[in-house]
Amino acid sequence: MIFNVENECMDVQARRKVQLASLKNLVEGLYARVPFYRNKMKEMGIQPGDIHSLEDIQKLPFTTKDDLRDNYPHGLRACPADRIVEVHMSSGTTGKPVVNEYTSKDIGIWSEAMSRTLAAAGCTKDDIVQNCYGYGLFTGGAGVHFGALNIGAQVLPMSSGNTDRQLMVMQDFGSTLLTCTPSYALYVAEEAAEAGINLHNLPLNKGCFGAEPWSEGMRKEIEARYAMKAYDIYGLTEIIGPGVAFECEAQNGLHVNEDLFYPEIIDPATGVPLPENQRGELVFSTLTREGTPLLRYRTRDITYFMNEPCTCGRTTVRIHRLLGRTDDMLIIRGVNVFPSQIEHALIEIEGTEPQYLIVVSRGKDHLDEMELQVEVKREFFSDEVKSLEGLRNRIETIMKSKLQVALKVKLVEPKTLERSIGKAKRVIDNRSI
Ligand code: DLL
């Protein structure tokens, strides 16, 4: 189902006109209201009046995750504080999170973007949406919630975890649409099998999965276990949350909500935009946002544009399912984790050396597991077992609170982790998606 035929199926040239008008408006607003952007544009010798075509976007500055960190918490806000009605955050590269501040118009944009996303998976007002994305600072729970309400569907705001209860509700309330990370979907399916629940007999028939990389193989597995259609949905906190791009029934690339979020794919080394079918880094400008609008935000996600017309009738450009990242960000159970966050935290923990190795694997239950091997200072290592145990527990507790996801700590003797003469290898990722 197409939620907004007028916008999603608009003539491409007509859409470009709308995008250009929005881009000009965005640039004028940022120049007038956000000193960070005004200064950047002045440094580059550009004024809002210099934007005459969509191609002129190339004259404008990029925004990076570091820019967001440097302007934490409110430096990129483009409206008075009293117009902000909601805030979401996700992990930054160090201690400071990445912040998105929404006005009520922004929440409307998000609802629209997520309505299109859910509708493309077949969601109507008759659906019962079991929303197992986390509610809280994470955008997954709220994003699906707003979209489903806007469609008029019924939402079960489950949040993540507590799998027994998920299964109980799924059966007793007749959920028809499941939303969670793809790895959690597989875990729930496995628990169902263990509990003797035949998912094929339930009304559940579709799911919207994202927030972490997954493969065609994983899709097939989920579709078979649940007897459902599984759709890929993409988004990021900085831009809006989920709802940036989504699959339709063709399941062949993700349609970008490009009247709302203007996409570019650039060569990450040179910043030069790449043509269709060439892999590069995805960049977004928020065309209509008010709270924290962003210009040319570098997502560090790698994909390519698929421009050939889609059988569904939407005319929006598609991106291939995500192919990786340009940085070292890990996604553990849907939570973004940067090795640099771990490093930062370790430096402050007495008794440890700043030598560590992160080993990520996917457990038998399909959920991610993260082990942190940490070198212990020599004087600590000779200590009694009890104090080593204490150190291990302390690191696990600190990491859980800093990263928002649990890991297992393995303490190792000084000088046992391999040293490298070049770039240190801090992560071994044994997951095959
Ligand atoms: O993960 C928003 C979201 C919630 C998307 C629910 C989909 C469903 P962040 O926590 O800011 O936001 O993480 C954003 O997650 O830059 C990608 O690297 C990765 N990611 C998100 N969706 C997908 C996907 C949410 N479908 C980061 N496939 C992004 C692969 C994804 N990676």
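Since this is a predicted model, take the numbers as computed values, not measurements.

Let us look at the nonpolar core. Core analysis: the largest hydrophobic core is formed by 66 residues, its most contacted members being L23, Y234, F261, F284 and I319. Examining the composition of this core, we find that 8 residues originate from one element, helix 5 (residues 104-120), more than from any other. For I319, the contacting residues outside a window of four places in its chain are Y234, A245, G253, L254, V256, I265, L282, T303, Y304, F305 and M306. Grouped together as the second largest cluster of nonpolar side chains are 25 residues, L330, V374, L388 and L391 included.

Sheets are built from strands paired through backbone hydrogen bonds, the pairs being either parallel or antiparallel. What the 4 strands build is an open sheet, ordered 10-11-12-15; its pairing is antiparallel. Either end of the sheet is taken by a strand with one partner, and the two such strands are strand 10 (261-266) and strand 15 (324-325). Here strand 12 (residues 297-303) runs beside strand 15; their pairing, made up of 2 bridges, is antiparallel. Paired with I302 across the two strands is G324, which belongs to strand 15.

Taken domain by domain, the chain holds domain 1 (1-326) and domain 2 (330-429). For domain 1 and domain 2, the distance between their C-alpha centres works out to 31 Å. Taken together, the 18 residues of domain 1 in the interface contact 14 residues of domain 2. Taken together, both faces of the contact between domain 1 and domain 2 bury some 1,300 Å²; the carbon and sulfur share is 57%. Scanning the region where domain 1 abuts domain 2 turns up 0 salt bridges. Where domain 1 meets domain 2, there are 2 residue pairs in polar contact (both at pLDDT 80 or more). Looking at the side of domain 1 that touches domain 2, the elements that each hand over two or more residues are helix 8 (182-194) and helix 9 (216-226). Sorting elements by how many residues they give to the side of domain 1 that touches domain 2 places helix 8 first, with 5 residues. Considering only residue class, the side of domain 1 that touches domain 2 consists of 7 nonpolar, 7 polar and 4 charged.

Conventions used here
- Residues numbered from 1 in each chain as written.
- Predicted model: local features only at pLDDT ≥ 70, side-chain atom pairs only at ≥ 80, totals over all residues.
- Heavy atoms only, no water.
- Core = buried A, V, L, I, M, F, W, Y, C linked by side-chain atoms within 4.5 Å.
- Buried < 20%, exposed > 50% of the residue type's maximum accessible area, 1.4 Å probe, protein only.
- Helix = DSSP H or I, 4+ residues; strand = E, 2+ residues; numbered from the N terminus.
- Contact = heavy atoms within 4.5 Å.
- Pairing = 2+ DSSP bridges.
- Domains from an automatic or database assignment.
- Buried area = accessible area lost by both parts, 1.4 Å probe.
- Salt bridge = Lys/Arg side-chain N within 4 Å of Asp/Glu carboxyl O.
- Polar contact = N/O pair within 3.5 Å; in protein donor to acceptor, adjacent residues only side chain to side chain.
- Nonpolar A, V, L, I, M, F, W, Y, C, P; charged D, E, K, R; others polar.

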